[in-house]
Amino acid sequence: MEFIYGWQKTKVRSLSDLDRKTLSEILSSRKQELRTYQRAQMIFLAAEGKINTQISEELKVTRPVVNKIIKRFSSAGLDAALSDAARSGRPKELSREERAWILGLACTNPKDLPDGPVMQLWSNSALSQYVREHCEQMNFPRLRTVADSTIWYLLNANELKPHNIRYYLEKKDQEFEYKAQKVLLLYKRIEWITQLSKRYGHAEQCELLSSEVFFSYDEKSEIQAIENLHPDRSPNKNNGFVRRDYEYVRHGTISLLAGIDLITGTVHGLVKESHKSSDFIDFLKAMDARYPEAQTINIILDNHSAHRSKETLAYLATVPNRFKFTFTPKHASWLNLVEAFFGKMARTCLKGLRVKSKEELTEHITRWLEHINNDPIVYRWKWNLEDIEHAFT
């Protein structure tokens, strides 16, 4: 086959079946790079006998470009014509050994390095500066001029972010599974009682609960009593949101000691200045006075020191068999249903609240508890209950 450069015919290699197939795939593809697509068009049109000037005019590219591509195909083949050869330019700035050293530094605490910066976490500029200052000691003299952006791209390519912290929680309770199962068994027992009451009526539920009640208990501490220095401004047609001055006055904090009756949904709350052992005992005394003496009060609670203190144990000894505690595993308060109630409280009762004193805050919380107890919500734990055996104690 002959291809024509300009107006002169010159013999070049013929299109093989593989070349034709490759060109057809490129020209029919919708995702092909424009440059490759145009070069395939040039070769294909030349194969049909068109001269370079015609190809240039049809594809709206300069004739020298068409000449170059057709000549490259003639001398080196289709692959060479479709893609550019590697150019001799600036070599890669970082060798494999240099990259390994920098990545190793990024994974090391700065203050643990010789002459390292006095900081807990690397910043990109600090790491780059350290590399430039210590590269010759490691026989990497080229890194004396390495740019901060080069270090950043290297870290980013390897998904390293030594300036960030992501927290995790070490599993410290060796009896986690056992304690968690005890809590879930109690939830399963409550579910069983509820199902029986629905099946056989309220009388059956009363009979089942005649000997015990069930509570999910915790303290919500550090509830702040905050007052505005200047009044809020209500929404209007120009500003569709509440506007509030940044300044405020702190009047101290209070704590809410709360227990949810897991059968009825009723919340029993006690507002205190603190949440010490004496405050917890006051809550227990309130529950002791509220429920018949014959009933055992089951309480799910966390491992706060006030729940296990000598003062608390001394009180429990005065009311033997009255209370039965089921402790959640350490760092697993999420197993306690009352946490869901506290989340609701933060979103509704306390969100954006401003008061003039701790007394006003206490009154606000008390009224809110009365309001929700007018139409109590029964909290249910459903996650993983299907895996718990029906082995109730």
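The shown structure was predicted, so the numbers you read here are calculated from the model rather than taken from an experiment.

Teacher, can you tell me more about the overall build of the chain here?
When helices and strands are tallied, the chain shows 14 helices and seven strands. A fraction of 67% describes how many contacts in the chain between residues 6 or more apart in sequence connect residues 24 or more apart. Element-wise, carbon and sulfur atoms account for 50% of the exposed surface of the chain, whose accessible area totals about 24500 Å².

Explain unusual backbone geometry to me, please; I cannot follow it from the model alone.
One can expect most non-glycine residues to show negative phi and most peptide bonds to be in trans. Despite not being glycine, K60 has its phi angle at roughly 60°, a positive value. Despite not being glycine, E159 shows a phi value in the positive range, around 55°. Summarising the element assignment, E159 is placed in the loop between α8 (148-157) and α9 (176-200). Given a relative accessible area of 70%, E159 falls into the exposed group.

Just checking my understanding: could you explain the environment of R142 for this structure?
Structurally, R142 is set in the loop between α7 (124-134) and α8. According to the relative accessible area criterion, R142 is partly exposed, its value standing at 43%. The sequence separation of R142 and S95 amounts to 47 residues, and the corresponding C-alpha distance is 9.9 Å.

What am I meant to see in the sheet that holds strand β4 (residues 248-261) here?
Remark on secondary structure: sheet strands pair via backbone hydrogen bonds, oriented parallel or antiparallel. Here five strands make up an open sheet; going across it, the order is β5-β4-β3-β6-β7 and the pairing mixed. Unpaired on one side and paired on the other, β5 (267-272) and β7 (323-327) mark the two borders of the sheet. Within the sheet, the average angular offset between the axes of one strand and its neighbour, ignoring direction, is 30°. For strand β3 (residues 212-228) and strand β6 (residues 296-301), the ladder comprises five bridges, and the chain directions are parallel. Across the sheet, S216 pairs through a bridge with I300, a residue of β6. Where helix α13 (residues 338-347) meets the sheet, its contacts fall on β3, β4 and β5, and the angle it forms with β3 comes to roughly 25°. Contacting β3, β4 and β5, helix α14 (residues 358-374) runs over the sheet at an angle of about 30° to β4.

In this structure, what is going on with the pattern of salt bridges? I would like to understand it.
Proximity of charged atoms lets side chains of opposite charge pair with each other. Under the defined criterion, the tally for this structure stands at eleven salt bridges. Residue R132 is joined to D148 by a salt bridge in which the shortest nitrogen-to-oxygen separation is 3.0 Å. Of this pair, R132 sits in helix α7 while D148 sits in helix α8, and the two are 16 residues apart along the sequence. Overall, R132 belongs to the partly exposed group, its relative accessible area being 23%.

Mind showing me how you'd approach helix α4 (residues 63-76) here?
The terminal C-alpha atoms of α4, which comprises 14 residues, lie 20 Å apart, in line with the 20 Å expected from a rise of 1.5 Å per residue. Within the span of α4, buried status applies to V66, N67, I69, I70 and F73. Following α4 by one or two positions, G77 has its phi on the positive side, about 100°.

Hey, could you run me through the nonpolar core in this one?
Among soluble globular proteins, nonpolar side chains are generally buried collectively. Counting 37 residues, the largest nonpolar core has Y187, F341, M345, L361 and I365 as its most contacted members. The element that contributes the greatest number of residues to this core is α9, accounting for eight residues.

Where do I start with the pairing of β6 in this structure?
Residues in a regular strand point their side chains to alternate faces of the sheet. Summarising burial for β6: five of the six residues are buried, a large majority. For the segment spanning β6, helix α12 (residues 310-318) and β7, crossover handedness is right-handed.

Could you clarify how one ought to interpret the packing of helix α11 (residues 277-290) against α12 in this entry?
A pair of packed helices can be characterised by two numbers: the angle between their axes and the separation between those axes. With their axes 9 Å apart at the nearest point, α11 and α12 run at an angle of 20° to one another. Judged by the inter-axis angle, α11 sits roughly parallel to α12. Every pair of crossing elements has a handedness; the one defined by α11 and α12 is right-handed. Residue-level inspection shows S277, S278, F280, I281, L284, K285 and D288 of α11 in contact with α12, the latter providing E311, T312, Y315 and L316. For the contact of α11 with α12, the per-class residue count stands at five nonpolar, three polar and three charged.

What's the story with α14 in this structure? I'm lost.
The α-helix advances 3.6 residues per turn, and as a result positions three or four apart in sequence lie on the same side. Counted at 1.5 Å a residue, the expected span for α14 with its 17 residues is 24 Å, and the 25 Å between its end C-alpha atoms agrees. Of all the residues in α14, the buried ones are L361, I365, W368, L369 and I372. The buried residues of α14 all sit within an arc of 100° when viewed along its axis, so they share a single face. Summarising the geometry of α14, the exposed residues directed more than 90 degrees from the buried face are E359, H371 and N374. Elements in contact with the buried residues of α14: β3, β4, β5 and α13.

Parameters at a glance
Residues numbered from 1 in each chain as written. Predicted model: local features only at pLDDT ≥ 70, side-chain atom pairs only at ≥ 80, totals over all residues. Heavy atoms only, no water. Helix = DSSP H or I, 4+ residues; strand = E, 2+ residues; numbered from the N terminus. Contact = heavy atoms within 4.5 Å. Areas by Shrake-Rupley, 256 points an atom, 1.4 Å probe, with all protein chains shown as cover. Buried < 20%, exposed > 50% of the residue type's maximum accessible area, 1.4 Å probe, protein only. Pairing = 2+ DSSP bridges. Axes fitted to C-alpha atoms, helices over the stretch in contact; angles between N-to-C directions. Salt bridge = Lys/Arg side-chain N within 4 Å of Asp/Glu carboxyl O. Expected span 1.5 Å × (residues − 1). Core = buried A, V, L, I, M, F, W, Y, C linked by side-chain atoms within 4.5 Å. Right-handed = clockwise from strand over helix to strand, strands pointing away. Parallel < 35°, antiparallel > 145°, perpendicular 65-115°, else oblique. Left-handed = near helix turned anticlockwise from the far one by under 90°. Nonpolar A, V, L, I, M, F, W, Y, C, P; charged D, E, K, R; others polar. Arc of directions from axis to C-beta.

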